[in-house]
Amino acid sequence: MTACGHGRLYRFARACVRLVSPRYRVVCCGGDGPGDDGVPIVFISRHHNLFGPWMTMLWFPGCFRVWVYHAFLNPHTSYRHYVDYTFTKRFGWNRLLAKIVAWPLSYGVAAVLRSARCIPVYRGSKQIVETFRQTVRALQEGYPVFIYPDIEYQDTSAETGALHKGFLQLEKYVYRAMGRHIGFVPVYVSRRKKRILIGDPVYFRNGENFQNEREVVYEKIRDGLNRLAAQCGELNL
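Residues numbered from 1 in each chain as written. Predicted model: local features only at pLDDT ≥ 70, side-chain atom pairs only at ≥ 80, totals over all residues. Heavy atoms only, no water.

Visitor: Quick question: what am I supposed to make of the nonpolar core here?
Guide: The tendency in soluble globular proteins is for nonpolar side chains to be buried side by side. Core analysis: the largest hydrophobic core is formed by 32 residues, its most contacted members being Phe43, Val66, Cys118 and Phe146. Elements supplying a minimum of two residues to this core: β2 (41–45), α2 (51–59), β3 (65–69), α3 (75–90), α4 (95–115), β6 (183–190) and β7 (195–198). With five residues, α2 is the single largest residue contributor to this core. Non-local contacts of Val66, meaning those with residues more than four positions away in its chain, are made with Met57, Cys118, Ile119, Phe146 and Tyr148. Ile44, Trp67, Val121 and Ile221 belong to the second-largest nonpolar core, a separate cluster that totals 25 residues. (Core = buried A, V, L, I, M, F, W, Y, C linked by side-chain atoms within 4.5 Å. Buried < 20%, exposed > 50% of the residue type's maximum accessible area, 1.4 Å probe, protein only. Helix = DSSP H or I, 4+ residues; strand = E, 2+ residues; numbered from the N terminus. Contact = heavy atoms within 4.5 Å.)

Visitor: In this structure, what is going on with the sheet that holds β7? I would like to understand it.
Guide: Strand pairing in a sheet relies on backbone hydrogen bonds, with the paired strands running either antiparallel or parallel. Strand order in this open sheet of seven strands is β1-β7-β6-β2-β5-β3-β4, and the pairing throughout is mixed. Where the open sheet ends on each side, the last strands, each with one partner, are β1 (25–28) and β4 (119–121). If you compare each strand with its neighbour and ignore which way they point, the axes differ by 30° on average. Note that β2 and β6 share five bridges and pair parallel. Across the sheet, the residue bridging to Ile44 is Pro186, located in β6. (Pairing = 2+ DSSP bridges. Axes fitted to C-alpha atoms, helices over the stretch in contact; angles between N-to-C directions.)

Visitor: Is there a simple way to explain the environment of Ala71 in this structure?
Guide: Relative to the helices and strands, Ala71 resides in the loop between β3 and α3. On the basis of relative accessibility, which here comes to 5%, the residue Ala71 falls in the buried class.

Visitor: Help me understand the packing of helix α1 (residues 8–18) against α4, please; the structure alone is not making it clear to me.
Guide: To describe two helices that pack against each other, one gives the angle between their axes and the distance between the axes. At a closest axis distance of 7 Å, the pairing of α1 and α4 adopts a crossing angle of 110°. Between α1 and α4, the angle is such that the two are roughly perpendicular. Mapping the contact onto sequence places Arg8, Leu9, Tyr10 and Ala13 in α1 and Ala111, Val112 and Ser115 in α4. Residues of the contact of α1 with α4, tallied by class, amount to five nonpolar, one polar and one charged. (Parallel < 35°, antiparallel > 145°, perpendicular 65-115°, else oblique. Nonpolar A, V, L, I, M, F, W, Y, C, P; charged D, E, K, R; others polar.)

That is the geometry; function is a separate question.
See the structure below:
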């Protein structure tokens, strides 16, 4: 296990996949890109039907944490998810084939994600508080966190659609624990350029009503993602 907690299994799996995957280079496109001044950084990226998490976990350098739907971190719950939804409802497979494929996959994926120290996300549950607690702990330890909040996570278009806003509640938890505002940094993974583009951080402002400021930050994040998509020629603004 490395100093940042990434386990051997994750590092081995990543090294193997890198051998057969095109390299994606990280490029800072913003003038005020995230620095090393102790600001807690949360990267906001597009899911793009798993493409975003896959490429950032594969090519983003250094230590970081990733929000992952909690079911995928446990082989038993991930097995049910693959059989009852992913392979049957999404892919249209019959249940027998889904069960055959899901059994080894559920154990392998869960093991790799746990080795990567991913943070479980409990959507629509009071346990989401545990997600926030683990995220605050990671930020306090100096690790940036990746979140992929697309509502339509299967959407692969370049333009950013509606995002879940719940992740913005992190601002309250982090400010209470650290006395600092989160830098919410837009990140766009470009298929065309084979780049991971990093934009300027977006912050909550001091003294503003939280609910009103949440809408401002939300729109700035979406605008930042769209500007990055435009910079790599995948979106016309």
